[in-house]
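In case you want the letters, here they are:
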Amino acid sequence: MARLTGTAMRATALGSLLFLVACQTGSNVAGDGAGASATGVTYLQTIRSEHGLPPLNPDSALEKAALQQAAYMARSGKMEHTTGWGKDFAARMNDNGVAGAAAENIAHGGMEPAKLFSMWMNSTGHRRNMLDPRFNKFGLAYVREAKGSDKRYWALVLGR
């Protein structure tokens, strides 16, 4: 049975690590991102007031949850509610300390907020989420598809 010296063990470990890193080259490198709740306030106030509903207030915990989801989608290159780590929406909300009813809208593309909210209002499920009278707060965030890209992954998390 062969024995490895400390130097040989470190070299083997480094080689294994480099192999694993090389296998990851297919993943996307996400660009910049930010919480955008301040931008969403006007759109959501208008949408809700036109339907006789009280306004939604920006919430830092919901914005954090939205930014995490947008970042996951940008890194994976997939627009979906469940992360690659098997975390569904309910698990992500629980991890972020969001209790009670919540909903999430996601989108991807080269759109600015005006088009984003218009698109969501023209989609039955997204519209239902934004007009749900149970919700009184929200968090909005985006992460660019890649550095310098005009395409963004958007996430809006609504809660109470």
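Up top is the structure.
Please read these numbers as outputs of a predicted model, since none were measured by experiment.

Chemist: Lay out the packing of aromatic side chains in plain terms, naming residues and giving numbers.
Modeler: Applying the stated criterion to the full structure yields three aromatic pairs. Taking the centre distance of 5.3 Å and the plane angle of 10 degrees together, the rings of Y43 and F117 count as stacked. Here F117 lies in helix 5 (residues 113-121) and Y43 lies in helix 2 (residues 37-49), a separation of 74 residues in the sequence. Taking the relative accessible area as the measure of exposure, F117 reaches 2% and is therefore buried. Aromatic pair Y142 and W154: ring centres 5.3 Å apart, planes at 50 degrees, arrangement tilted. Remark: W154 occurs in strand 5 (residues 152-159) and Y142 occurs in strand 4 (residues 137-144); sequence separation between them is twelve residues.

Chemist: Before we move on, can you summarise the pairing of strand 4 with the specific residues and values?
Modeler: For strand 4, the tally of buried residues reaches seven of eight residues, placing the bulk of the element in the interior. One ladder, built from three bridges, connects strand 1 (residues 33-35) with strand 4; its direction is antiparallel. In the sheet register, A34 faces strand 4, and the bridge partner there is Y142. As defined by bridge partners, strand 2 (residues 57-58) adjoins strand 4 across two bridges and the pair is classed as parallel. For P58, the partnering residue across the bridge sits in strand 4 and is F138. One ladder, built from eight bridges, connects strand 4 with strand 5; its direction is antiparallel. Each bridged residue has a counterpart across the sheet, and for A141 the counterpart in strand 5 is A155.

Chemist: Give me the lowdown on helix 5, citing residues and values where you can.
Modeler: For helix 5, the full list of buried residues reads P113, L116, F117, W120 and M121. For helix 5, the angular spread of the buried residues around the axis is 130 degrees, confining them to a single face. Residues of helix 5 that are buried in the fold lie against helix 2, strand 3 (102-109), helix 6 (124-130), strand 4 and strand 5.

Chemist: Pulling in residues and values, what's your account of the pattern of salt bridges?
Modeler: Scanning the entire structure with this criterion turns up five salt bridges. Residues R144 and D32 are paired through a salt bridge, measuring 2.8 Å at the closest nitrogen-oxygen approach. Of the two residues, R144 is situated in strand 4 and D32 in the loop between helix 1 (6-23) and strand 1; the sequence distance between them amounts to 112 residues. Taking the relative accessible area as the measure of exposure, R144 reaches 17% and is therefore buried. Among the residues examined, D32 registers a relative accessible area of 41% and is labelled partly exposed.

Criteria and cut-off values
Residues numbered from 1 in each chain as written. Predicted model: local features only at pLDDT ≥ 70, side-chain atom pairs only at ≥ 80, totals over all residues. Heavy atoms only, no water. Phe/Tyr/Trp six-rings, centres within 6.5 Å; stacked < 30°, edge-to-face > 60°. Helix = DSSP H or I, 4+ residues; strand = E, 2+ residues; numbered from the N terminus. Buried < 20%, exposed > 50% of the residue type's maximum accessible area, 1.4 Å probe, protein only. Pairing = 2+ DSSP bridges. Arc of directions from axis to C-beta. Contact = heavy atoms within 4.5 Å. Salt bridge = Lys/Arg side-chain N within 4 Å of Asp/Glu carboxyl O.

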